[in-house]
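Chain by chain, the residues:
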Protein chains: 2
Amino acid sequence: MYPTSLENLIECFRRLPGVGEKTAERYALLISEESEEDVRQFADALIQVKAKLTHCSVCGNLSEESECEICKDTSRNHRQIFVVASPRDVIAMERTNEYHGVYHVLNGLISSSKGIMPEHLNIDSLVKRAAQADEIILATNATIDGETTSMYLDRLLKQKYPNILITRIAHGLPSGGMLDYADEMTLTHALTDRRKMGQ
Amino acid sequence: MYPTSLENLIECFRRLPGVGEKTAERYALLISEESEEDVRQFADALIQVKAKLTHCSVCGNLSEESECEICKDTSRNHRQIFVVASPRDVIAMERTNEYHGVYHVLNGLISSSKGIMPEHLNIDSLVKRAAQADEIILATNATIDGETTSMYLDRLLKQKYPNILITRIAHGLPSGGMLDYADEMTLTHALTDRRKMGQ
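What you see is a predicted model; the values in this text were computed from it and never measured. (Residues numbered from 1 in each chain as written. Chains lettered and ligands numbered in written order. Predicted model: local features only at pLDDT ≥ 70, side-chain atom pairs only at ≥ 80, totals over all residues. Heavy atoms only, no water.)

## Some points on the environment of Asn107 of chain A
All names here are of chain A.
Item 1. By secondary structure assignment, the location of Asn107 is in the loop between strand E4 (101-105) and helix H6 (124-130).
Item 2. We classify Asn107 as partly exposed; its relative accessible area is 31%.
Item 3. Along the backbone, Asn107 and Ala85 are 22 residues apart, and their C-alpha atoms lie at a distance of 5.2 Å.
Item 4. Engagement of the side chain of Asn107 in a polar contact is seen with the backbone oxygen of Gly60, the distance being 2.9 Å. (Helix = DSSP H or I, 4+ residues; strand = E, 2+ residues; numbered from the N terminus. Buried < 20%, exposed > 50% of the residue type's maximum accessible area, 1.4 Å probe, protein only. Polar contact = N/O pair within 3.5 Å; in protein donor to acceptor, adjacent residues only side chain to side chain.)

Quick look at the structure:
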């Protein structure tokens, strides 16, 4: 119903995660009202992302160079590896300012429903890096796919390095969480992983 | 914290309506995973929208030609003009398949808070078109800005054409609406504009 050029742009916006028809329409109409320069800048930003972005050859995180800023940082502890599913998880963790080791980005999670198998993920290089590590912290999501992936990695790494220290991030009541709003799984984790007061 | 090219794209996405930092990140990361061809197509769609889209010289709706499809359609009633704020409203109304007149798109609403005055809107050409019209249907949103704009247009048009028929779309309980969830304004409208049963 819209002019063709607008329909084409609406279709492009609809490919973005969680964007339905109404939202894509709103986005495209806003673009039609932006200045030509702003739109050109947007188009250029899209092209540049594909042209410049690559994955860090060490950890798999997004980077414009063959090695990312974190992997190049010699002040960090390179013997502690925090394993996550996506580059967004790295940013989330970095925002805490509490972690000073390095990361390994799997770029996905094992998922039988989506047909994602271990060989599709950035796992081989993790196994190689693990030889020089003191600790591997498994920090995949607390979802079925996240748990499956962590269990798989735990088994794989222990098979290869029987003495390696592998940890899993804690699960329990989130900060500010209300007991009566928490789901059964969260409460079960919170109970199972309880700690002695004062420790 | 992200590589520069990704940060630039995130900034572009944040300009879209209702898009916060997290959403913009998700969009940009999806783009980084798309094929180069898909991204090029997206960039091209952006450029094309600015290059090809213009406003219909008659009604102000978005169009790739100087006159839009609806204004060119001789089977429609050109003496009945449905006045709306934006091209999205035209699409919404067209989806009903119940309206066979033409439209007039103001491209905005009078808004003291946003500093939008009548002279910023596509009103002059409406006043000119109204000379040949049998009915002007004011169909701006049921918001303060929408009501202000409708009242302004009603006064302006009646001043110029004392005998013109000006109507306002009905306000009341929406289809499927529950009385106990409706706000006071909606219920007041529903009461005031009640109609005799069977009419």
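Now that the structure has been shown, we can carry on.
## Examining the packing of aromatic side chains
Item 1. Counted according to the given criterion, the structure contains 11 aromatic pairs over all chains.
Item 2. Ring plane angle 45 degrees and centroid distance 5.0 Å describe the contact between Phe82 of chain A and Tyr99 of chain A, whose orientation is recorded as tilted. Residue Phe82 of chain A is located in strand E3 (residues 77-84), and its partner Tyr99 of chain A is located in the loop between helix H5 (87-94) and E4; the two are separated by 17 residues in the primary sequence. Taken as a pair, Phe82 of chain A and Tyr99 of chain A share a single burial class, namely buried.
Item 3. Judged by centre distance (5.6 Å) and plane angle (75 degrees), the ring pair of Phe82 of chain A and Tyr103 of chain A falls under edge-to-face. Taken together, the residues Phe82 of chain A in strand E3 and Tyr103 of chain A in strand E4 connect sequence positions 21 residues apart. Like Phe82 of chain A, the residue Tyr103 of chain A is buried in the burial classification.
Item 4. These aromatic residues form a ring-pair network of at least three members: Phe13, Tyr27 and Phe42 of chain A together with Phe13, Tyr27 and Phe42 of chain B. (Phe/Tyr/Trp six-rings, centres within 6.5 Å; stacked < 30°, edge-to-face > 60°.)

## Side note on helix H1 (residues 4-14) of chain A
Item 1. Regarding H1 of chain A, the residues found buried are Ser5, Leu6, Leu9, Ile10, Cys12 and Phe13 of chain A. Down the axis, H1 of chain A shows its buried residues gathered within 160 degrees of arc, on one side only.
Item 2. Those residues of H1 of chain A that are buried are in contact with helix H2 (21-33) of chain A together with helix H1 (4-14), helix H3 (36-52) and strand E2 (62-63) of chain B. (Arc of directions from axis to C-beta. Contact = heavy atoms within 4.5 Å.)

## Structural notes on the packing of helix H3 (residues 36-52) of chain A against helix H2 (residues 21-33) of chain B
Item 1. Running from N to C, H3 of chain A and H2 of chain B point in directions that differ by 55 degrees, and their axes come no closer than 9 Å. With respect to H2 of chain B, the axis of H3 of chain A lies oblique. Both H3 of chain A and H2 of chain B take part in a crossing whose hand is right-handed. Here Leu46, Val49 and Lys50 of chain A of H3 of chain A lie close against H2 of chain B, whose contacting residues are Ile31, Ser32 and Glu33 of chain B. (Axes fitted to C-alpha atoms, helices over the stretch in contact; angles between N-to-C directions. Parallel < 35°, antiparallel > 145°, perpendicular 65-115°, else oblique. Left-handed = near helix turned anticlockwise from the far one by under 90°.)

## Some remarks on the confidence of the model for chain A
Residues and elements named next belong to chain A.
Item 1. Residue-level pLDDT values for chain A average 92, and 99% of them are 70 or greater.
Item 2. Taken element by element, chain A is modelled with least confidence in helix H8 (residues 184-192), mean pLDDT 85, and with most confidence in E4, mean pLDDT 97.
Item 3. ipTM for the predicted complex: 0.76, alongside a pTM of 0.76. (pLDDT = per-residue confidence, 0-100.)

## A few points about the relation of the copies chain B and chain A
Item 1. Note on the copies: chain B fits chain A at an RMSD of 0.1 Å, the axial shift is 0.0 Å, and the rotation between them is 180 degrees. Expressed as an axis order, the relation between the two copies is that of a two-fold axis. Scanning chain B for the C-alpha nearest the rotation axis identifies Ala43 of chain B, at a separation of 2.1 Å.
Item 2. The overlap is high: 100% of the interface residues of chain B also sit at the interface in chain A, so the same surface is used on both sides. (Least-squares fit on C-alpha atoms with pLDDT ≥ 70 in both.)

## Here we look at the interface of chain B and chain A
Item 1. With 50 residues of chain B at the interface, the matching set in chain A holds 50 residues.
Item 2. A buried area of about 4900 Å², summed over both sides, lies between chain B and chain A, and 70% of it is on carbon and sulfur atoms.
Item 3. Glu21 of chain A serves as the salt-bridge partner of Arg95 of chain B, at 3.3 Å between the closest nitrogen and oxygen.
Item 4. The interface formed by chain B and chain A includes 18 residue pairs in polar contact (both at pLDDT 80 or more).
Item 5. Counting residues per element, the ones that place at least two in the side of chain B that touches chain A are H1, H2, H3, E2 and helix H5 (87-94) of chain B. (Buried area = accessible area lost by both parts, 1.4 Å probe. Salt bridge = Lys/Arg side-chain N within 4 Å of Asp/Glu carboxyl O.)

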